Amino acid sequence: MKISKFILISLAVLFLFSCKKELKEKQCSGSFNVSYYSVVYFSDEEASYCKEIDSLLNEVDNLIELDDTNSVLSKINRNEDVEIHPMLAELFKKTHEISSKTSGTFDITVGGLVELCKIAFEQGQVDIKSNYMVDSLVKYVGYDKISIKGNHLYKTYPQMDINMDAVARGYAITVLDDFLRTHHIENYLIDVGGTIRTKGTKPNAKKWIVGIEIPEEVKQNSSDAMTRIELQNQSLSTSGNYSNFYEKEGLRYSCTIDPHTGYPVSHTLLSVSVLSNNAIESDGIATAFMVMGLEKSLEFVKKNPQYEAYFIYSQNGHVKTCATKGMQKLIDEYNKKYEEKTAK
């Protein structure tokens, strides 16, 4: 007896659907780099990867956490002979690319100046331009003054201090991103201290919704809204000077250091959120924009359209926002969907 091709195909499709396992939501959370992490992913497996995720983040901390005197980066800053982990070597390479792309506006060798700034602020010194130590430290700044040969890092000057805080969250996300994809997990959202990476969608095929909020420190009233966008296979990172700053004559001073001068930046930009396809780049470019200020950052995006950004800045005592064309499109698309949903 012959069986038609249609029946065979129908049976095959029915078999595939009957064997397909239901995706279940898994959540993992904890602390990382004096902040937090949260991972939401969907898997058809019963087992959870939370222990592995926590272990990986501890490994990242052991590599770059400066508060840990036994971390690899702390040993590098003390000029100890230490081998560079392949993960860390890859991070150094990526930061060098970001520094080159931003003409040195982003630079991980400002560590000594960051520490000097923090000490000055703690002592009530708002403008550290009068601090004679700046001139003695700025000559040790320069991303092109460090290099990796084999499994060792070499510094032109032993006095150079490297600080990876500006890309720590993006680096942690990249490590987790690789881990989840290796385990064939295709739908997830990783949030490390506000830096976010999305992959795939939710089981209902809807994109991930993330928010950019005006910081509590500068929010003028409780009705200030959070800006929301939908993301898929993208990374978003926010950098700002709203939590640790001093104000003088209408300008805000923070420990965001301009590598070219050695001094903290002083402009009206409060925070910037950068969207790209890479979490480390989003982190590093956001920090670079905090150094550049609003106008130069907008010029940079025009020349580098692979990035989108959302700026929060102060003007005449008021908090203002500005979005690049692509970012504004995402904002408008979400708002339109939200309005249509609430109108029903």
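Residue positions are counted from 1 within each chain, in the order its sequence is given. With pLDDT at 70 or above as the cut-off, local features in this predicted model cover only qualifying residues; side-chain atom pairs require 80 or more to be listed or tallied, and sums for whole chains, interfaces and linings still use all residues. For side-chain calculations, the full set of non-hydrogen atoms in the structure is used, while hydrogens and water are omitted.

Once that is clear, we can look at the overall build of the protein chain. Helices and strands together make up the secondary structure of the protein chain, namely ten helices and 15 strands. Summary of the burial criterion: residues with accessible area below 20% of their type's maximum are buried, those above 50% are exposed, and those between are partly exposed, where the area comes from a 1.4 Å probe applied to protein chains only. Per-residue burial for the protein chain yields a buried fraction of 47% across its 344 residues. Should any heavy atoms of two residues lie within 4.5 Å, those residues are considered in contact. For the protein chain, long-range pairs separated by at least 24 residues make up 59% of all intrachain contacts whose partners lie at least 6 apart in sequence. Of the roughly 18400 Å² that the protein chain leaves accessible, carbon and sulfur atoms contribute 50%. We count a stretch as a helix when DSSP gives it H or I for four or more residues in a row; a strand needs E for two or more, and each element gets its number in order from the N terminus. The Shrake-Rupley method, run with a 1.4 Å probe, gives the accessible areas here. Residue values count only the displayed protein chains as cover.

With that settled, consider the packing of aromatic side chains. Only Phe, Tyr and Trp rings are paired, with Trp represented by its six-membered ring, and only when their centres lie within 6.5 Å; those with planes under 30 degrees apart are stacked, over 60 edge-to-face, the remainder tilted. In this structure the tally under the stated criterion is eight aromatic pairs. Each ring, one from phenylalanine 289 and one from phenylalanine 311, has its centre 6.0 Å from the other, and the planes form 35°; the classification is tilted. Of the two residues, phenylalanine 289 is situated in helix 8 (residues 279-292) and phenylalanine 311 in strand 14 (residues 308-315); the sequence distance between them amounts to 22 residues. Accessibility expressed as a relative area gives 0% for phenylalanine 311, which makes it buried. Grouped by ring-pair contacts, the aromatic residues Phe289, Phe300, Tyr307 and Phe311 constitute a single cluster. A cation over an aromatic ring shows up here: lysine 149 above the ring of tyrosine 154, its NZ or CZ 6.0 Å from the ring centre. For a lysine, the NZ atom is tested; for an arginine, the CZ atom; a charge sits over a ring if that atom is within 6 Å of the ring centre and within 35 degrees of the ring normal.

Turning to its location among the elements, lysine 199 is positioned in strand 6 (residues 195-199). The contacts of lysine 199, once residues within four sequence positions are left out, are Arg181, Glu186, Asn187, Tyr188, Trp208 and Asn233.

The subject of this paragraph is the side chain of serine 282. Position of serine 282 relative to the elements: it lies in helix 8. Throughout this description, a polar contact denotes any pair of N or O atoms lying within 3.5 Å of each other; where both atoms belong to protein, one of them has to be capable of donating a hydrogen while the other can accept it, and for residues adjacent in sequence the pair is counted only when both atoms sit in side chains. For serine 282, the side chain forms a polar contact with the main-chain oxygen of serine 235, separated by 3.2 Å.

What follows deals with unusual backbone geometry. Positive phi outside glycine occurs at asparagine 79, with the angle close to 65°. Along the chain, asparagine 79 falls in the loop between helix 3 (72-77) and helix 4 (86-101). The phi dihedral of serine 103 falls on the positive side, at around 55°, and the residue is not glycine. Mapped onto the elements, serine 103 comes out in the loop between helix 4 and helix 5 (111-122). Serine 103 gets classed as exposed once you look at its relative accessible area, which sits at 58%.

Should their charged atoms come close, side chains of opposite charge can pair. What makes a salt bridge here is a side-chain nitrogen of Lys or Arg within 4 Å of a carboxyl oxygen of Asp or Glu, nothing more. Following the criterion strictly, the structure yields twelve salt bridges and no others. Glutamate 186 serves as the salt-bridge partner of lysine 199, at 3.0 Å between the closest nitrogen and oxygen. With lysine 199 in strand 6 and glutamate 186 in the loop between helix 7 (165-182) and strand 5 (188-192), the pair connects residues that are 13 residues apart, well separated along the chain. One continuous salt-bridge network, built from bridges that share partners, spans Lys94, Glu97, Lys101 and Glu281.

Geometrically, a packed helix pair is captured by the angle between its two axes and the distance between the axes. Lines fitted to C-alpha atoms define the axes here, with helix axes fitted over just the stretch in contact, and angles between the N-to-C directions of these axes take values from 0 to 180 degrees. Contact geometry for helix 2 (residues 50-64) and helix 7: axes closest at 10 Å, N-to-C directions at 140°. Viewed along their axes, helix 2 and helix 7 adopt a mutual orientation that is oblique. Our pair here, helix 2 against helix 7, has a crossing hand that is right-handed. Residues Glu52, Ile53, Leu56, Leu57, Val60, Leu63 and Ile64 of helix 2 form the contact with helix 7, whose participating residues are Ala168, Tyr171, Ala172, Val175, Leu176 and Phe179. Considered class by class, the residues forming the contact of helix 2 with helix 7 number twelve nonpolar, no polar and one charged. Roughly parallel covers angles under 35 degrees, roughly antiparallel covers those over 145, roughly perpendicular covers 65 to 115, and oblique covers all other angles. By definition, turning the near helix anticlockwise from the far helix through less than a right angle yields a left-handed crossing, and turning it clockwise yields a right-handed one. Each residue gets one label: Ala, Val, Leu, Ile, Met, Phe, Trp, Tyr, Cys and Pro are nonpolar, Asp, Glu, Lys and Arg are charged, and the others, such as Gly, are polar.

Okay, the nonpolar core next. Counting 61 residues, the largest nonpolar core has Val39, Ile64, Ile76, Phe92 and Phe289 as the members making the most contacts within it. No other element matches helix 7, which puts nine residues into this core. Residues within four places of phenylalanine 92 in sequence aside, it is in contact with Leu73, Ile76, Ile108, Ile146, Ile148, Leu153, Ile162 and Met164. What we call a nonpolar core is a set of buried Ala, Val, Leu, Ile, Met, Phe, Trp, Tyr and Cys residues that are connected through their side-chain atoms within 4.5 Å.

This part takes up helix 9 (residues 294-303). Among the residues making up helix 9, those that are buried are Leu294, Ser297, Phe300 and Val301. The buried residues of helix 9 occupy one face: seen down the axis, they fall within an arc of 120°. Of the residues in helix 9, the exposed ones pointing more than 90 degrees away from the buried face are Glu295, Lys296, Lys302 and Lys303. It is the directions from the helix axis to the C-beta atoms whose arc is reported.

As a further point, take the environment of isoleucine 162. With respect to the element layout, isoleucine 162 can be found in the loop between strand 4 (152-155) and helix 7. On the basis of relative accessible area, isoleucine 162 is assigned to the buried category, the value being 0%. With sequence-adjacent residues up to four places away left out, isoleucine 162 is seen in contact with Leu66, Leu73, Ile76, Asn77, Phe92, Ile108, Thr109, Ile146, Leu153 and Lys155.

In short, the description is geometric, and any link to function would need to be established separately.
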